[in-house]
Amino acid sequence: MELRQLSYFVTVADELHFGRAAERLHIVQSAVSQQIRRLERELGAELFDRSPRHVRLTGAGERLLPEARAVLAAAERVRAAVAPPAGLRLATSTGLGEHLDRVLAEFAVRAPGVPVELVSGGARERVEQVVDGRVDAAFVRSAEAVPGVRIVPLWDDPLVAVVPAGHPLAAEADVALGDLAGLPLAITARRNNPALVDLVVGACRDAGFEPVPGPVDGSLQDRLATIGTGVARQWTVVYASHARVLHSPRVAFLPFRAPGLALATGLAVRTTEPSPELAHLLAACAAATPVTCGDHER
């Protein structure tokens, strides 16, 4: 007797139709019938009353059904007992800095031994990864509404300006956007992070100037290195939480003068019931966030 045969038997008993049972099992109907026949021969009893118009359990089938369910449940418990703990796949973004450290530390306390796999991806890709199940959750900033996904608000991420350490502005305590009007803005292409680019460019326009376009290729580290040379005087932005963990002595990080610039950070999760691991992550985010907000359906 095989577990597979008992599984097929339970499925047919649930459906009382060999065709529908085969569809649920994603196999052909003949394979289901063949395994049920083998089980019947081994047990020496007919399990189903088959007729052209209906399929019904026989007396033997009715007595076997609860026992078969119990055996399958026991087999699942055996697998679970030796299986490694279910992990959590979490998509992250650049600039989380110490926020991510706090969340992961809280998660480790609430779910000790549960592995966390961090996955990188672009702003739009992270939401897509949540939708199709490639990740359990994703940190997002000012994410657009997507069916089947809700955004749990977490915190606001202030931005700071980055200028060469040798620039006169570097000696100031903060900077006004208008002070940067004559410098090229080196920022990622809009397709990579539309929320960030729209915020910065829109703020420049509100301050009365159109930012001078700078290079958009390369990584953030490349931009910081280029700005640090001081040869081509440029500026960019980074998240304040990220600036605190960056070690770039050739550049200066300057807060923007009030009201400043910030993007709202949230956790994108599916609207379905969360797994235990995801529930622990949501609790960890709430504990690691200074202000706890309610969920927003997106």
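Report follows, based on the coordinates. (Residues numbered from 1 in each chain as written. Predicted model: local features only at pLDDT ≥ 70, side-chain atom pairs only at ≥ 80, totals over all residues. Heavy atoms only, no water.)

### Regarding the overall build of the chain
Test applied: Per the convention used, a helix needs a DSSP run of H or I reaching at least four residues, while a strand needs a run of E reaching at least two, with both numbered from the N terminus. Restricting the calculation to C-alpha atoms gives the radius of gyration, and the globule rule supplies 2.2 Å times the number of residues raised to the power 0.38. Only protein chains enter the accessibility calculation, which uses a 1.4 Å probe. A residue is then buried if its area is under 20% of the maximum for its type, exposed if over 50%, and partly exposed in between. Any two residues whose heavy atoms approach within 4.5 Å are treated as being in contact. Calculation of accessible area relied on Shrake-Rupley with a 1.4 Å probe; when residues are assessed, cover is drawn exclusively from the protein chains displayed. For the purpose of counting charges, residues Lys and Arg are taken to be positive, whereas Asp and Glu are taken to be negative. His and the chain ends are not included. To locate a charge, the coordinates of NZ of Lys, CZ of Arg, CG of Asp or CD of Glu are taken.
Within the chain, the secondary structure is distributed over ten helices and twelve strands. A globule of 298 residues ought to have a C-alpha radius of gyration of about 19 Å, yet the chain, at 29 Å, is considerably larger. Counting only C-alpha atoms and orienting by the principal axes, one finds that the chain spans roughly 95 × 40 × 35 Å. Among the 298 residues that make up the chain, the fraction classed as buried is 42%. Considering only intrachain contacts with a sequence separation of at least 6, the fraction spanning at least 24 residues in the chain is 74%. Accessible surface, the chain: about 15600 Å² in total, of which carbon and sulfur atoms supply 54%. Taking the 31 positively charged and 34 negatively charged side chains of the chain as two groups, their mean positions are separated by 5 Å.

### Quick look at the nonpolar core
What counts here: Working definition of a nonpolar core: buried Ala, Val, Leu, Ile, Met, Phe, Trp, Tyr and Cys residues. They are joined through side-chain atoms within 4.5 Å.
Residues Leu-177, Leu-180, Leu-196, Val-200, Trp-235 and Phe-256 are the most contacted members of the largest nonpolar core, which totals 27 residues. Looking at this core, the elements with two or more residues in it are β6 (149-164), α7 (194-206), β9 (236-239) and β10 (251-255). By size, the runner-up hydrophobic cluster in this structure holds 21 residues, among which are Leu-90, Leu-96, Val-103 and Trp-155.

### As for the packing of helix α5 (residues 98-110) against helix α10 (residues 276-288)
Worth spelling out the cut-off: In this description, a line fitted to the C-alpha atoms serves as the axis of each element, helices being fitted only across the stretch in contact, and the angle between N-to-C directions of two axes falls anywhere from 0 to 180 degrees. In these notes the angle categories are as follows: under 35 degrees is roughly parallel, over 145 is roughly antiparallel, 65 to 115 is roughly perpendicular, and the rest is oblique. For any pair of crossing helices, the crossing counts as left-handed if the nearer helix is rotated counterclockwise from the farther one by less than a right angle, and right-handed if it is rotated clockwise.
Remark: α5 packs on α10, axes separated minimally by 8 Å, with the N-to-C direction vectors making an angle of 130°. For the element pair α5 / α10, the angle class is oblique. As α5 packs across α10, the resulting crossing turns out to be right-handed. Each of Arg-102, Val-103, Glu-106, Phe-107 and Arg-110 in α5 lies in contact with α10, whose residues at this interface are Glu-277, His-280, Leu-281, Ala-283, Ala-284, Cys-285, Ala-287 and Ala-288.

### Remarks on the packing of aromatic side chains
Which entries qualify depends on this criterion: Note on aromatic contacts: the rings of Phe and Tyr and the six-membered ring of Trp form a pair at centre separations within 6.5 Å, being stacked when their planes are under 30 degrees apart, edge-to-face when over 60 apart, and tilted otherwise. Criterion for a charge above a ring: Lys NZ or Arg CZ within 6 Å of the ring centre, and within 35 degrees of the ring normal.
Inspection of the entire model under this criterion finds three aromatic pairs. Here the aromatic rings of Phe-139 and Trp-155 are separated by 6.1 Å at their centres, their planes lie at 35°, and the arrangement is tilted. Residue Phe-139 is found in strand β5 (residues 137-141), and its partner Trp-155 is found in strand β6; the two are separated by 16 residues along the sequence. Owing to a relative accessible area of 0%, Phe-139 belongs among the buried residues under this scheme. With relative accessibility at 7%, the residue Trp-155 sits in the buried group. The lysine or arginine in question, Arg-141, covers the ring of Tyr-239, its NZ or CZ lying 3.6 Å from the ring centre.

### A closer look at the pairing of strand β3 (residues 88-92)
Rule in force here: Each pair of strands is called paired provided DSSP finds at least two bridges between the two strands. A crossover counts as right-handed when, viewed with the strands pointing away from the observer, the path leading from the first strand over the helix to the second turns clockwise.
Taken across its five residues, β3 has four buried, putting it largely inside the fold. Summarising the sheet, β3 and strand β4 (residues 116-120) pair through five bridges and their orientation is parallel. Its bridge partner being in β4, Thr-92 is matched across the sheet by Ser-120. Handedness of the crossover joining β3 and β4 through α5 is recorded here as right-handed. Note: β3 against β5, two bridges, orientation parallel. Bridging from a neighbouring strand, Ala-91 pairs with Ala-138 of β5.

### Describing the pairing of β9
Of the two faces of β9, the one holding Thr-236 and Val-238 and the one holding Val-237 and Tyr-239 are both buried throughout. Pairing of β6 with β9 involves four bridges; the strand directions are antiparallel. Residue Val-160 lies in a different strand from β9, and its bridge partner there is Val-238.

### Regarding the packing of helix α1 (residues 3-15) against helix α2 (residues 18-25)
The contact between α1 and α2 brings their axes to 8 Å, and the two run at 125°. The orientation of α1 with respect to α2, classified from their angle, is oblique. Crossing of α1 over α2 shows right-handed handedness. Across the interface between the two elements, Ser-7, Tyr-8, Thr-11, Val-12, Asp-14 and Glu-15 from α1 touch Phe-18, Arg-20, Ala-21, Arg-24 and Leu-25 from α2.

### Details of helix α8 (residues 220-229)
Formally: Throughout, the arc means that of the directions going from the helix axis to the C-beta atoms.
For α8, the set of buried residues is Arg-223, Leu-224, Ile-227 and Gly-228. End-on view of α8: buried residues confined to an arc of 135°, all on one side of the axis. Contacts made by the buried residues of α8 are with β6, β9 and β10. Two residues or fewer past α8, Gly-230 is found with a positive phi of approximately 75°.

### Comments concerning α1
Note the threshold: Helices are assigned an expected span. That span is 1.5 Å times one less than the residue count.
Compared with the 18 Å implied by 1.5 Å per residue over 13 residues, the 19 Å span of α1 between its first and last C-alpha is a close match. Burial in α1 covers these residues: Gln-5, Leu-6, Tyr-8, Phe-9, Val-10, Thr-11, Val-12 and Ala-13. Buried-residue contacts for α1 involve α2, α3 (29-43), β1 (48-50), β2 (55-57) and α4 (59-82). Leu-16 sits one or two positions beyond α1 and adopts a positive phi of about 50°.

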